[in-house]
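Geometric and topological summary
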Amino acid sequence: MEKSNNTFEPVVVAFCCHYCAYTAADMAGSQRIAYPANVKIVRVPCSGKVDAIHLMKALEKGADGVYVAGCLEGDCHFNTGNIAASRKVTKVKILLDEIGIGSERIEMFLMSAGMGRRFAEVATEFTEKIRNLGPNPVKAAADKAVG
Amino acid sequence: MKTQSVLEKVLKSGNLAVTSECGPPRGTSAAAVREKAELLRGYCDGINVTDNQTAMVRMSSLAACILIRQMGLHSILQMTTRDKNRLALQSDILGAYAHEIDTVLCLSGDHPKFGDHPMASNVYDLDSVQLIQTVKQMRDDGKFQGGADIADPPKMFIGAAANPFADPFELRVARLAKKVNAGVDFIQTQCIYNVDKFEQWMEAVVKRGLHKEVYIMAGITPMKTAGMAHYMKKRVPGMDVPDEVVDRMASVPKEEMAEEGIKICIETIERLKKVEGVAGFHIMAIEWEEKVPEIVKRAGLYPRPEV
Amino acid sequence: MITAERKPMEEIVECARNFSRVLLVGCNECVTVCAAGGRKEVGLLASALRMHFMKEGKNLEIIETTLERQCDPEYIDELADSVGQVDAVLSMACGCGVQEIARRYKDKHVFPMVNTKFMGASERQGVWAERCQGCGDCVLGITGGICPIARCSKRILNGPCGGSTGGKCEISPDVDCAWQLIWDRMKSLGQEDRYEEVMGARDWRTSRDGGPRRIIREDMAL
Ligand code: SF4
Ligand code: SF4
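Residues numbered from 1 in each chain as written. Chains lettered and ligands numbered in written order. Predicted model: local features only at pLDDT ≥ 70, side-chain atom pairs only at ≥ 80, totals over all residues. Heavy atoms only, no water.

1. Regarding the domain arrangement of chain C
Along its sequence, chain C is carved into domain 1 (2–118) and domain 2 (133–210). Inter-centroid distance (C-alpha atoms) of domain 1 of chain C to domain 2 of chain C is 37 Å. (Domains from an automatic or database assignment.)

Structure below.
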């Protein structure tokens, strides 16, 4: 356990809204604020565009953690996309608990386009959290079956 | 006279009638039924026997009614349409009448949710108004609800409940009228603590002349403790307990609460005696039957008339 | 529409446990509208089931499909090929759909994935409420368009009972008293005088009490 944790590099998928988090990621880059390479960004036109099935598929296909990053409350370009997104995240959290994957593996974050630093913090903290949780049990079982 | 019911005779005689209540045990003891009923001997004209009250399983109302009738007392069969369909209700009425039980109270009953079998299916083949119609048809036309003739029809004196305190208030008189249309003979009301509101209701009843078509007996329940007053106010659906009553119960030391409760109850009876249209009192001393004689005496309703 | 809710995952997992290939079938009608068993829910449940079993080191193969309607034989026929490839069918349709699959594919296990709840309407986004019990002899015309059978907790036809409080039913402050609603409607329709007409005992034969019901339309027979 100890050993596997030491070598474990989590795969994190971040669904980032084009109007905020995605721009914030850019900004982090241009300001040379580092964030873990574990985070694979998927640009979406609005966090509300992310559906429950996308979160599930990411985990099913082997991601260890998934998060959605949308605009600050009241700032959604499409009014309520971020609220819809956080409801979907809550729904998937319940489902993940039900199937024993654990709700901690997904999360919703809010930020604005100017928050490069916040983007990096979120990416770093979430990656660390997932690192501590260990590999996605689905992937772990599949690897074991193969190995 | 429509029936042989002693209650009908007393009401007809113009005397204020008195009924009381006896909840059957949650067990099989006939002695428990007799003991409670014996306390009431001579102090009322009929003893209501509750039918799985608050949706808790108890000895059947019919069985307890028979036990009480066998003591030479007059039991009143309470029937809720919650637990039985029209076949069962009608057959119970035949059985009751065969045992010389000639007075019935038609109720819809509390929802099973409140009782010890919230998982039970609730029947409601009929509602209370339709049960009144059914019993009346059995008595006056000698026919079952389904239309077939009854051999030796049961001559039941038909009662129902009325709650002047339920909502919407504007419908409470209309609903009484509906029961009158269905053929009810007497009404026992919900326990009265808010006398003002009851008087308001009664005034509307009298205005429509309904008190001439149906005997209205005012429901009275003595409070034992301030806790009980509070519970009834907060928890019992359709119960109206004004703050003054709760406060008055709470204002006396614990050991005097019971006496205060009895006092309130007697004052209420005295006030209601003067209200036009009140034909009697239905005194429900829940698990406190031993107090009924005292209440009846102190309220000047003793001795009961010979009819 | 007919409303439904997905069964608890635990129960679903137990249904699927003994099979290695299953067909998960949604329905495009009511259960899609109430977001219990349409295409989306099929996808989600399939993913959840796969993950659950993968985690246990087991591979559950799931064929996902969603029919136009699961309560019509012509659509059920479309499943023939895929049913042939699996050990069991998991249906996300209402109880009618599940039974149609069982009727057509006699030697195949079929399990319900949803609990079928009631015939209802959407009160607002995400909230559905019971409206009709299919009693077979509709009285809405005389009750102001509000059903006492489906919406009164005691299905009483001469309400309100003595438990009605502040417009709410005695069973819960979250449940409207149907008879308060009926009365309010009667008032706004100017039909107060009709309230005192007694509604007589009903003939429940038109409801489920008369045994399973059918509608036969000779004019539509092929
Ligand atoms: S009266 Fe019968 S058919 Fe009409 S809405 Fe109510 S249950 Fe449905
Ligand atoms: S309170 Fe209203 S809805 Fe509830 S049982 Fe009584 S009449 Fe029916």
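2. Looking at the confidence of the model for chain C
Confidence along chain C averages 96 in pLDDT terms, with 100% of residues attaining 70 or more. For this predicted complex, the interface score ipTM comes out at 0.93, alongside a pTM of 0.92. (pLDDT = per-residue confidence, 0-100.)

3. Observations regarding the layout of surface pockets
Reported here for the second largest pocket is a volume of approximately 1,300 Å³. Elements supplying a minimum of two residues to the lining of the second largest pocket: α3 (52–60) and α4 (81–98) of chain A together with β1 (2–6), α3 (39–55) and β6 (114–124) of chain C. When residues in the lining of the second largest pocket are grouped by element, the largest group, eight residues, is from α4 of chain A. (1 Å grid on protein atoms, 1.4 Å probe; cavity = no way out; pocket = protein on both sides within 12 Å on 5 of 7 lines; lining within 4 Å. Points joined across faces, edges and corners; volume = space filled by probe spheres on them. Helix = DSSP H or I, 4+ residues; strand = E, 2+ residues; numbered from the N terminus.)

4. Considering the pattern of salt bridges
Enumeration over the complete set of coordinates arrives at 51 salt bridges over all chains. Linking Glu38 of chain B and Arg41 of chain B is a salt bridge whose minimum nitrogen-to-oxygen distance equals 2.7 Å. Overall, Glu38 of chain B belongs to the partly exposed group, its relative accessible area being 38%. Exposure remark for Arg41 of chain B: the relative accessible area of 36% places this residue in the partly exposed category. Note that Glu123 of chain C and Arg131 of chain C form a salt bridge whose closest N and O atoms lie 2.9 Å from each other. Exposure remark for Arg131 of chain C: the relative accessible area of 26% places this residue in the partly exposed category. Through salt bridges that share partners, Lys2, Lys136, Arg139, Asp140 and Asp185 of chain B make up one connected network. (Salt bridge = Lys/Arg side-chain N within 4 Å of Asp/Glu carboxyl O. Buried < 20%, exposed > 50% of the residue type's maximum accessible area, 1.4 Å probe, protein only.)

5. Overview of the site of ligand 2
Around ligand 2, the neighbouring residues are Cys152, Ser153, Lys154, Pro160, Cys161, Gly163, Ser164, Cys169, Glu170, Cys177, Ala178 and Trp179 of chain C. The residue inventory of the shell around ligand 2, partitioned by class, reads seven nonpolar, three polar and two charged. (Near = heavy atom within 4 Å. Nonpolar A, V, L, I, M, F, W, Y, C, P; charged D, E, K, R; others polar.)

6. A look at the pairing of strand β4 (residues 88–91) of chain C
All names here are of chain C. Here β4 shows a buried face lined by Ala88 and Leu90 and a second buried face lined by Val89 and Ser91. As paired strands, strand β2 (residues 21–27) and β4 are joined by four bridges and run parallel to one another. When the bridges of β4 are listed, Val25 appears paired with Ser91. The pairing of β4 with strand β5 (residues 109–112) spans four bridges and is classified as parallel. Within β5, the position partnered with Ala88 by the bridge is His109. In this view, the connection linking β4 to its parallel neighbour β5 by way of helix α6 (residues 95–104) has right-handed handedness. (Pairing = 2+ DSSP bridges. Right-handed = clockwise from strand over helix to strand, strands pointing away.)

7. Considerations on the interface of chain C and chain A
Contacts between chain C and chain A engage 14 residues on the former and 16 residues on the latter. Looking only at chain C, the three residues that lose the most surface to chain A are Leu44, Met51 and Lys55 of chain C, adding up to 44% of its buried area. Taken together, the connections running from chain C to chain A amount to three salt bridges. The closest approach of N and O atoms between Arg50 of chain C and Glu60 of chain A, which form a salt bridge, is 2.4 Å. A total of 10 residues in the side of chain C that touches chain A trace back to one element, the largest contributor, which is α3 of chain C. (Contact = heavy atoms within 4.5 Å. Buried area = accessible area lost by both parts, 1.4 Å probe.)

8. Some details on the side chain of Ser128 of chain B
Residues and elements named next belong to chain B. Mapped onto the fold, Ser128 is located in helix α5 (residues 128–141). Look at Ser128 and you get buried, because its relative accessible area is 2%. Beyond its immediate stretch of four places on either side in the chain, Ser128 contacts Thr81, Cys106, Leu107, Ser108, Arg175 and Lys179.

9. Points about empty space enclosed by the protein
Unoccupied space between atoms shows up once a probe the size of one water molecule is rolled over them. Summed over the entire model, instances satisfying the criterion amount to four cavities of 30 Å³ or more. For the largest cavity, the calculated volume is near 90 Å³. Every residue lining the largest cavity is counted, 13 residues in all, and those nearest its centre are Cys152, Ser153, Cys161, Cys169 and Cys177 of chain C. Here the residues of the lining of the largest cavity are counted per class, giving eight nonpolar, three polar and two charged. The computed volume of the second largest cavity comes to approximately 60 Å³. For the second largest cavity, the full set of lining residues is Ile192, Tyr193, Ile220, Thr221, Pro222, Met223, Gly261, Ile264, Cys265 and Thr268 of chain B. Broken down by element, the residue count for the lining of the second largest cavity peaks at four residues, all from helix α10 (residues 257–273) of chain B.

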